[in-house]
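Tertiary structure, described
Residues per chain are reported as follows:
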Amino acid sequence: MSERPVPAAVLAAALLAPGAAWAHGAVPGAAGFGVGLLHPLTAPAPVLALVALGLVLGQGRPAGLARAWGAFALGDGLGLVLAWALAADHPPTQIPAQVPLALVALAAGLAVAPRRGPLPGAAVAALAAAAGGLAGLATAPDPGGPAVAAWITLAGAFAGANLALFYLAAGTGWLRRRLPRPAAAVGLRVAGSWVAAIAVLVVALAAAA
Amino acid sequence: MRGKALFIGVVAAVLAAGPAFAHTQAGVAGGFFSGFSHPILGWDHVVAMVAVGLWGAFLGAPANWMLPVVFPLVMALGGALGVLGVPVPAVEAGIAASAVVLGLLIALAVRLPLAAAGAIVAAFAIFHGHAHGTELPEAANPFAYAVGFVIATGLLHICGITLGLLARWPAGALAVRAGGGAICAAGLAFLFGLV
């Protein structure tokens, strides 16, 4: 307890009591950017693919990271623009990207699970490009509204997918370096097998639907 | 003075609290928790999952990581069969038998070749996966249910592996083998409907 407990308690009350401020609701496009930013994190298949790819990238050598990341960003950008361009005839919700995304997650999980070294750089880049492209197709905004708003939402979705991948890959790499080598290797394999198992079930659910 | 401060703090905490929604079983959270609790609340699943980790740790590397990697992968295939409505005979008996066999292998300190150990664990994983998979399409959120039950299964393996680390010491090895005997006995009880 501090020497002046009442002001400390009042301060605590002041910090605990406020509700949402909505301070930036009036910034044009901010809402659309925020919606886009969260879009890759709200659908199961893109999240699974991002986690799987994060494990692969976190396991790999830094030298191949830039190429893989470039492939992911390019694929994601192209996928988003393509989905938006086609949105009038084929709304993003009708694009069957969920199963291919789960299959990419399955491939990435199975690449991490067994006892062998990191994948070749070209294979990681191909996996990243596929994940990016499919994630882009799956997370584009719905048609309608002004073009500027759609572009802002697309930018948000692009940023969200890339930020999520950054944190997942960086977190995996950080744990791999921090943990004792055997524990880190086992942890990666187990995580890979979990992701692959979930991906199998996602595919089965899609097949049963 | 201190009592006054405490009173203000309590009042602030009470005023600041939002709704807890502690028991909502809908949506993603509901699906996740029902999936997560399915292996944990079923004792037949629990003892078998712990046995997989325990046996892996008892066998040492690389079985200590290979068995917990093989199990969820094959379990997912069993789950897919359940989701697709493909029947698997004697699922409940297979689950109970997994505890009997794995418990016995631990109790007798059987050190099988890695491939044989993997094959045994994989065969039983089909039954566990099928049992989870048949409930999956009806879950509040099937994807979250799948995530929940895969993670819970893995955590139970980790519990077994951690207990299996005791096998490094002579007394610990004895305790692990006794644990295997208890798992076997529990499996027999499940198999014959005694519990």
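So, a few notes on the structure that sits alongside this text.

The rules we used
- Residues numbered from 1 in each chain as written.
- Chains lettered and ligands numbered in written order.
- Predicted model: local features only at pLDDT ≥ 70, side-chain atom pairs only at ≥ 80, totals over all residues.
- Heavy atoms only, no water.
- Phe/Tyr/Trp six-rings, centres within 6.5 Å; stacked < 30°, edge-to-face > 60°.
- Buried < 20%, exposed > 50% of the residue type's maximum accessible area, 1.4 Å probe, protein only.
- Lys NZ or Arg CZ within 6 Å of the ring centre and 35° of its normal.
- Helix = DSSP H or I, 4+ residues; strand = E, 2+ residues; numbered from the N terminus.
- Expected span 1.5 Å × (residues − 1).
- Core = buried A, V, L, I, M, F, W, Y, C linked by side-chain atoms within 4.5 Å.
- Contact = heavy atoms within 4.5 Å.

Some points on the packing of aromatic side chains
Any aromatic ring pair is given by two values, namely how distant the centres are and how the planes are angled relative to each other. Evaluated as defined, the whole model comprises 6 aromatic pairs over all chains. When the centroid spacing of 5.2 Å and the interplanar angle of 70 degrees are considered together, the rings of Phe166 of chain A and Tyr167 of chain A count as edge-to-face. Its relative accessible area of 42% is what places Phe166 of chain A among the partly exposed residues. Put simply, the rings of Trp69, Phe166 and Tyr167 of chain A touch in pairs and so form one group of aromatic residues. Positioned above the aromatic ring of Trp65 of chain B is the side chain of Arg189 of chain A, whose terminal nitrogen or guanidinium carbon lies 4.2 Å from the ring centre. The residue whose ring lies beneath Arg111 of chain B is Phe58 of chain B, and the NZ or CZ to ring-centre distance is 5.1 Å.

Some thoughts on helix α3 (residues 44-59) of chain A
With 16 residues, α3 of chain A extends 23 Å between its outermost C-alpha atoms, agreeing within 8% with the 22 Å of an ideal straight helix rising 1.5 Å per residue. In terms of residue burial, α3 of chain A counts as a mostly covered element, since 13 of its 16 residues are buried.

Considerations on the nonpolar core
Counting residues in hydrophobic clusters, the biggest one holds 93 residues, and the most contacted among them are Leu48 and Phe72 of chain A together with Trp55, Leu67, Leu136 and Val150 of chain B. The leading source of residues in this core is helix α8 (residues 181-208) of chain A, at 13 residues. Discounting chain neighbours no more than four positions away, the residues touching Leu136 of chain B are Leu201 and Leu205 of chain A together with Val83, Pro142, Tyr145, Ala146 and Phe149 of chain B. One finds Val88, Ile95, Phe127 and Ala131 of chain B within the second-largest nonpolar core, a separate group that totals 6 residues.

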